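# Residue-level structure breakdown
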Amino acid sequence: MKSFSSRRAQAIVVAIAAGSLALTGCSENKGTNTGKDSKKDQQEAQVQSKAVTYADAAGSTGPAEEITGAQPGGTITVYQEAGLSHLDPGQTYVSDAGQVANLLFRRLTQFKEDDKGNVSVVGDMATDSGKSSDGGKTWTFTLKDGIKDAKGNVITSADVRHSVERLYAKFIFDGPTYLQTWLSGADYRKALPDGGFGKKHLPKSVLDTPDDKTVVFHFDQPRPDLPQTLAMAGYAIVPTKDDTKEKYDKAPVATGPYKIQSNKNGKSLVLVKNTNWDPKSDSVRHQYVDGFNFEFGVTESTQTKRLIADQGDDKNAIQLTGGVEATQIQDVIKNPSVNKRTVKGYQPYVMQLSFNLDRVKNLKVRQAIAYAVNSKSLIAGEGGVYGGDVAPNFFAPTLPGYEAGYDPYGRLKTPQGNIAKAKEILKGVPASEKKVVFAYGNTENGQKRKVAIEDALTKVGFDVVSKEVDSASYYEQIGKLDNPYDMYITGWGQDWPSASTVVTPVYDGTQVADGAPNYSHVKDPKVDALIKKALTQQPTEAAKTWKEAQHYLLEKVLPAAPLWYTKQFQLSGSNVGGARYGSVSSLIDINHLFLKKS
């Protein structure tokens with residue numbers, strides 16, 4: 001995910017239809033013209049739909065297929081501006097931590113993509129992608145033989161149970177909640193307050209582990225998308241013996257091809273080979289390089305300059321979630337030898353200016369801001385047409401149900417903002433309500449966004465008070481219900497199937513809690529009713545309900561002003577091999593890398 005650390009584990013969409021699964025996402029774009037024709041880009045994003053298969057045991061058996069030209073050895077340097085907010089899998093729901101999790105942790109299932117953009121769900125620790133019964137209400141997974149953690153302990157079903165139950169503990173507050181709510185309802189923490197660390201566990205009627213190799217999930221309704229859910233980084237396995245609760249966030253135990261050698265919070269992270277990882281059990285990952293050295297605090301402009309220059313260790317370097325800095329994009333595009341080292345693609349994220357509805361209660365104020373904000377200026381700060389397109393609504397072009405022409409605030413006609421309309425709406429609004437507190441991340445992009453927001457809203461008559469927030473904990477800070485901010489820029493992309501993973505987590509009134517992605521604190525009975533209705537409908541009817549929900553949200557509630565759809569444009573060093581745009585991560589595919597010369 002992008003430098004805004006958009007909260008999302010996997011950048012893919014899976015639409016459920018008549019028992020089949022279809023992917024809509026971003027595949028590798030090898031052309032050099034990405035971003036010059038936004039309509040064409042969006043059309044390509046809409047038609048990037050290929051069948052996603054659920055793999056059997058044969059498709060889930062390692063080792064992963066060799067990458068052409070790959071050879072072992074060397075260390076890859078990874079640049080990132082902000083530090084990681086979390087390393088605990090249960091707390092992982094942002095892009096940077098998700099990328100690192102792909103190297104460190106395994107889960108029951110995993111996404112696998114080939115060079116043609118085909119994506120499947122395979123068994124990771126499980127022998128396959130899962131077996132459903134009882135009309136999809138029951139799912140059974142069997143663990144592969146002899147999978148060990150970095151300390152040499154064999155992973156058993158008890159570790160899987162523990163990994164699920166610990167998500168109920170209060171110290172886990174920043175990760176996905178799909179599985180927990182499906183198993184125990186919206187108030188899932190009440191079902192297991194101590195997170196399984198005491199004597200109480202979830203009943204067998206919910207989660208059963210009849211032997212060391214078998215895990216059975218029981219739901220009250222069909223959950224055909226469970227294999228995708230379990231492939232999220234937030235559901236990676238945490239070995240029972242090594243769980244240190246809150247402290248685990250700093251020193252988690254690896255199960256993937258790499259483990260942590262050192263972790264200096266906000267400064268550096270060094271990964272080395274996990275000798276207990278067995279490639280024969282893993283059909284997705286590789287262990288070509290000896291390790292990864294993550295350097296934090298490196299601005300995007302510095303990253304870009306170093307990678308363009310391509311000297312010394314920079315030849316072995318990549319950008320993690322950041323991209324080519326906006327003012328240097330043309331330097332990259334115009335230089336063929338540099339441009340060929342880029343990965344480009346359309347992302348599924350919608351950037352929006354979210355309002356804290358507990359503080360900004362006047363709809364007229366929110367409407368005026370929605371008309372006033374300058375998408376054109378904000379996108380310019382992201383790299384112009386290479387960084388994003390104007391967003392007229394909450395549904396991205398990669399999402400089934402996307403409405404290209406649905407533009408209730410005239411964003412497409414006046415991307416620079418409609419100042420006159422905003423001023424007209426504000427007539428009669430008290431001066432006290434025109435003072436708004438805006439939170440922004442302390443990165444280069446955060447500074448650009450601050451300037452764009454202040455400039456647009458000041459022209460309308462708002463008194464904008466900008467507050468800087470540490471980018472590493474940005475979503476944690478704005479995710480607090482009792483936060484001191486009126487508005488903040490957030491980014492969200494679908495976790496997997498259709499609009500259910502956009503509307504539900506972001507606007508469901510039952511999911512207003514510390515750490516939850518309902519950043520606007522939306523509690524609207526009609527929205528909740530539409531969500532409940534859509535979740536019980538067949539795909540065709542559900543699509544209509546999701547559409548109704550979006551229209552109602554934008555026109556009647558207005559929890560956020562849509563700003564732009566994101567694109568990614570990343571650069572790597574000349575000695576980095578296997579660099580490609582990953583449709584699962586919406587970033588450089590970190591599982592696909594090697595060094596040409598070690």
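Everything discussed here concerns the structure shown above.
Notes on the structure follow. (Residues numbered from 1 in each chain as written. Predicted model: local features only at pLDDT ≥ 70, side-chain atom pairs only at ≥ 80, totals over all residues. Heavy atoms only, no water.)

## Quick notes on the nonpolar core
The criterion, for reference: To form a nonpolar core, buried Ala, Val, Leu, Ile, Met, Phe, Trp, Tyr and Cys residues must be joined to one another through side-chain atoms within 4.5 Å. Each residue is assigned to one of three classes by its accessible area relative to the maximum for its type, calculated with a 1.4 Å probe on protein chains only: buried under 20%, partly exposed between the two thresholds, exposed over 50%. Only DSSP runs of H or I covering at least 4 residues are called helices, and only runs of E covering at least 2 are called strands; the numbering of each starts at the N terminus. Two residues form a contact once any of their heavy atoms are found within 4.5 Å.
Core analysis: the largest hydrophobic core is formed by 100 residues, its most contacted members being Phe-217, Leu-353 and Phe-462. The element best represented in this core is helix 16 (residues 539–557), accounting for seven residues. The residues contacting Phe-462, other than those within four sequence positions of it, are Val-365, Ala-368, Ile-369, Leu-426, Glu-433, Lys-434, Val-436 and Leu-457.

## A few points about the pattern of salt bridges
Selection criterion: By definition here, a salt bridge exists when the distance from a side-chain nitrogen of Lys or Arg to a carboxyl oxygen of Asp or Glu is within 4 Å.
Applying the stated criterion across every chain, the model contains 22 salt bridges. In this structure, Arg-359 and Asp-486 form a salt bridge, with 2.7 Å as the shortest nitrogen-oxygen distance. Of the two residues, Arg-359 is situated in the loop between strand 16 (342–355) and helix 9 (363–372) and Asp-486 in the loop between helix 13 (474–478) and strand 20 (487–493); the sequence distance between them amounts to 127 residues. Close ionic contact of Lys-450 with Glu-454 constitutes a salt bridge, the shortest N to O distance being 3.4 Å.

## Examining the environment of Gly-69
Positionally, Gly-69 belongs in the loop between strand 4 (53–54) and strand 5 (75–80). Residue classification places Gly-69 among the exposed positions, given a relative accessible area of 59%. Through-space distance from the C-alpha of Gly-69 to that of Gly-577 is 7.9 Å; in sequence the pair is 508 residues apart.

## Focus on the packing of aromatic side chains
Under the convention used in this document: Whether two aromatic rings pair depends on their centres lying within 6.5 Å, for rings of Phe, Tyr and Trp, where Trp uses its six-membered ring; planes under 30 degrees apart make the pair stacked, over 60 edge-to-face, and the rest tilted.
The tally for this structure, following the rule as stated, stands at 19 aromatic pairs. Considering the side-chain rings of Trp-139 and Phe-141, the 6.4 Å spacing of their centres and the 20 degrees angle between planes classify their relative orientation as stacked. Residue Phe-141 is classed as buried on the basis of its relative accessible area, which comes to 0%. Ring geometry for Tyr-402 versus Tyr-565: centroids 6.1 Å apart, planes at 75 degrees, classification edge-to-face. Remark: Tyr-565 occurs in strand 21 (residues 560–571) and Tyr-402 occurs in the loop between strand 17 (388–390) and helix 11 (419–426); sequence separation between them is 163 residues. Tyr-402 sits in the buried class, given a relative accessible area of 11%.

## Regarding the sheet that holds strand 15 (residues 317–319)
In plain terms, the rule: Paired strands are those between which DSSP finds at least two bridges. Structural elements are reduced to axes, namely lines fitted to C-alpha atoms, with helices fitted over the stretch in contact, and the angle between N-to-C directions of any two is expressed from 0 to 180 degrees.
Read across the open sheet, the five strands follow the order 12-13-14-5-15; overall the sheet is mixed. Each edge of the open sheet carries a strand with a single partner, namely strand 12 (258–264) and strand 15. Direction aside, the axes of adjacent strands within the sheet are offset by 20 degrees on average. Helix 2 (residues 95–104) contacts strand 5, strand 12, strand 13 (268–273) and strand 14 (291–296) of the sheet and is inclined by roughly 135 degrees relative to strand 12. Each of strand 5, strand 14 and strand 15 touches helix 6 (residues 300–309); the most contacted strand, strand 15, lies at about 140 degrees to it.

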